[in-house]
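Residue-level structural notes
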Amino acid sequence: MNQQKNKTERIHSLDSLRAIMMLLGLVLHSALTYNITNHGNAWGIKDPKSNYILTDFLVLFIHSFRMPIFFLVAGFFGSMLFYERGVVNMLKNRVWRIIFPFIIFLFLLSPIIYFSFSYTNAVFENQENPFITTIQLFSNIVVFLPKTTSHLWFLYYLIFTTLISVLLGLLCEKLKIDNRISNTFNWLIQKPVIRVLFFSTFTFFILSSLETSMINASVSLIPDLSTFVYYFFFYIIGWILFKSKNLLNNFMKYDWQCTFLAVTLVITQGLLIQYSGMKLNPNSNSTILILFNSLIVWLFIFGITGLFIRYSSKHSKIMRYISDSSYWVYLIHLPLTAIIPAFIWELPIPALGKFIIVLVLTTLICFVTYHYLVRSTFIGKFLNGKKYLKKKKPVGNIV
């Protein structure tokens, strides 16, 4: 495979976009304890004293675009590695950045996550000595073994999407059709209305085939076909997009309009779910909901990506720091969002207030641990491929 001579300079906008999509997981998981809908029964704790419909809208809002955008950007950077570093170097990079972190943190975090959820459930159920009750669960060594991929499911599916994409990339090069695909994609990207309609239609058929209006990511250790198919679609679009990187500025066309329309449709969809007897079940296979989500996801993709390209294309120390920290912050946040609600559940404040407390405390703990325990250590190098040296304090002259 021929490698490109000129390597792409750091694309700050997409780097920041990927980080923010990852960090929105903190918002999402902080809200799930306090909403009404039990999304796919994947979240095992509910504060019995506070259910708040606003958190349902927040979860619906974030879930409608977060992971599709993340996989699209992941596909873009995966393609960049493939074409600029070659297959072997790309696969080595993915092993170190995806497979090893997935395996290591899956085994490290599984018992901690299990403790956090078990303890909080014991508190919510008013059990006597919830700490002792939870500790007793660990008398069985099986508890220490991961039973699900938990919040690391996206790394699990990135492994599969990467392997399939590499095979398809090699096949397209062998058949010499990659340039024709890129030319068609170039034309499509430059037509703001047509591109939304085209990709929305494609997404509509995928969701209709999967018989659901929204994909709840599977955390099973057995790969789920629906989860793979849906997110692979966004990954491969991002992969193709890399060849059209010179046209990224076209995402700025109608970016505000796309975002505003998407938000409007999410609100409309939420009201429809709330007052049509669906009881806030966004996973219905209703044709109208499939149509809503198919439009919403692409309006958000072009809208939000365009806004990041418009306002975050220049280097920013703050955004670079956030980008570097996002991997660690996401990896360790889940047990915090699960256990903090146990310590505040009796506070006489609305669910929205509790949600904010959980989010703020989780964010602070994650960033503080990153700054002091990760950024300048081997862990930082392991996760980001770079270790930042601590700044030495200047020594004054001795008089």
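This text gives an overview of the structure that appears in the document. Every value quoted in this text rests on a predicted model; they were computed, and no experiment measured them.

Our next topic: the pattern of salt bridges. On inspection of all chains with the given rule, the structure shows 7 salt bridges. For Asp-15, the salt bridge identified is with Arg-10, shortest N-O distance 2.3 Å. By relative accessible area, which is 6% here, Asp-15 ends up buried. Residues Asp-255 and Arg-310 are paired through a salt bridge, measuring 2.7 Å at the closest nitrogen-oxygen approach. In this pair, Asp-255 is assigned in helix 10 (residues 255-275) and Arg-310 in helix 11 (residues 287-311), connecting sequence segments 55 residues apart. Classification of Arg-310 by relative accessible area gives partly exposed; the value is 37%.

What follows covers the environment of Asn-186. Here Asn-186 is to be found in helix 7 (residues 178-189). For Asn-186, a relative accessible area of 18% corresponds to the buried category. Once the C-alpha coordinates of Asn-186 and Ile-240 are considered, the two residues, 54 residues apart in sequence, prove to be 9.7 Å apart. The contact partners of Asn-186, leaving out residues within four places of it in the chain, are Ser-244 and Leu-247. Side-chain polar atoms of Asn-186 contact the side chain of Ser-244, separated by 2.4 Å.

Another aspect to go through is the packing of helix 3 (residues 66-85) against helix 11. Remark: helix 3 packs on helix 11, axes separated minimally by 9 Å, with the N-to-C direction vectors making an angle of 55 degrees. Comparing their axes, helix 11 and helix 3 come out oblique. Our pair here, helix 3 against helix 11, has a crossing hand that is right-handed. Between helix 3 and helix 11, the residues in contact are Pro-68, Ile-69 and Leu-72 and Val-297, Trp-298, Phe-300, Ile-301 and Ile-304, respectively. Grouping the amino acids of the contact of helix 3 with helix 11 by side-chain chemistry returns 8 nonpolar, no polar and no charged.

This part is about the environment of Ile-99. When you line up the elements, Ile-99 lands in helix 4 (residues 87-124). With a relative accessible area of 26%, Ile-99 lands in the partly exposed category. When the C-alpha atoms of Ile-99 and Tyr-321 are compared, they prove to be 23 Å apart, with 222 residues separating the residues in sequence. Aside from chain neighbours lying at most four places away, what touches Ile-99 is Arg-94 and Ile-159.

About the criteria used
- Residues numbered from 1 in each chain as written.
- Predicted model: local features only at pLDDT ≥ 70, side-chain atom pairs only at ≥ 80, totals over all residues.
- Heavy atoms only, no water.
- Salt bridge = Lys/Arg side-chain N within 4 Å of Asp/Glu carboxyl O.
- Buried < 20%, exposed > 50% of the residue type's maximum accessible area, 1.4 Å probe, protein only.
- Helix = DSSP H or I, 4+ residues; strand = E, 2+ residues; numbered from the N terminus.
- Contact = heavy atoms within 4.5 Å.
- Polar contact = N/O pair within 3.5 Å; in protein donor to acceptor, adjacent residues only side chain to side chain.
- Axes fitted to C-alpha atoms, helices over the stretch in contact; angles between N-to-C directions.
- Parallel < 35°, antiparallel > 145°, perpendicular 65-115°, else oblique.
- Left-handed = near helix turned anticlockwise from the far one by under 90°.
- Nonpolar A, V, L, I, M, F, W, Y, C, P; charged D, E, K, R; others polar.

Such coordinate-based values are descriptive only and should not be taken to indicate function.
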